[in-house]
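Here's the letter readout for the chains.
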Amino acid sequence: MTFEAILPELKSGKRAVRTGWEGTELFVELQTATTFNGDPLNPYFLIKTADEAYSMWSPTDCDILATDWQLVD
């Protein structure tokens, strides 16, 4: 799938990964708008890896142009 195709799935709460990633990346998911100390937070992407906790993630040009995205259960 393309990033354009996977983005609506991420917005609906699903998780996705690129099959071309050859590291410990397990999935990317979208954290919806929330608050922190009473102030609003905009939505942001998180990535989960096998050896770390969640980290903030921003897609690179390669991620946006890739066609190897797939949904993860």
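Within an unreviewed UniProt entry, the label attached to the protein reads DUF2829 domain-containing protein, and the organism entered is Lactiplantibacillus argentoratensis.

Undergrad: Account for the nonpolar core, with residues named and values stated.
TA: Listed in full, the 12 residues of the largest apolar core are F3, I6, L10, A16, V17, W21, V28, F45, I47, W57, A66 and W69. Elements with a contribution of two residues or more to this core: α1 (3-11), β1 (15-18) and β5 (44-49). The element contributing the most residues to this core is α1, with 3 residues. The contacts of I47, once residues within four sequence positions are left out, are W21, E25, F27, V28, A53, Y54, S55, M56 and W57.

Undergrad: Tell me about the pairing of β5, and name the residues and values.
TA: As judged from the 6 bridges shared by strand β2 (residues 25-31) and β5, these two strands associate in the antiparallel manner. When the bridges of β5 are listed, E29 appears paired with L46. Where β5 meets strand β6 (residues 54-57), 4 bridges bridge the pair, whose relative direction is antiparallel. Across the sheet, the residue bridging to L46 is M56, located in β6. Where β5 hands over to β6, the hairpin turn is made up of 4 residues, counted between the paired strands.

Undergrad: A description of the UniProt feature "domain: Thoeris anti-defense 2-like" (unreviewed entry) in the protein should follow, citing residues and the corresponding values.
TA: Under the feature "domain: Thoeris anti-defense 2-like" (unreviewed entry), the UniProt entry names residues 1-72. Helix makes up 19% of residues 1-72 and strand 43%, whereas the separation of the span's terminal C-alpha atoms amounts to 12 Å.

Undergrad: Explain the pattern of salt bridges to me, using residue names and the numbers behind them.
TA: On inspection of all chains with the given rule, the structure shows 4 salt bridges. For R15, the salt bridge goes to E29, with nearest N and O atoms at 3.4 Å. Linking R15 in strand β1 with E29 in strand β2, this pair joins segments that are 14 residues apart in sequence. Assessed through its relative accessible area of 30%, R15 is described here as partly exposed. With relative accessibility at 16%, the residue E29 sits in the buried group. Of the charged contacts, one joins R18 and D63 as a salt bridge, the two residues approaching to 2.9 Å between their closest N and O atoms.

Conventions and cut-offs
Residues numbered from 1 in each chain as written. Predicted model: local features only at pLDDT ≥ 70, side-chain atom pairs only at ≥ 80, totals over all residues. Heavy atoms only, no water. Core = buried A, V, L, I, M, F, W, Y, C linked by side-chain atoms within 4.5 Å. Buried < 20%, exposed > 50% of the residue type's maximum accessible area, 1.4 Å probe, protein only. Helix = DSSP H or I, 4+ residues; strand = E, 2+ residues; numbered from the N terminus. Contact = heavy atoms within 4.5 Å. Pairing = 2+ DSSP bridges. UniProt positions renumbered as here; feature names shortened; annotations may be inferred. Salt bridge = Lys/Arg side-chain N within 4 Å of Asp/Glu carboxyl O.

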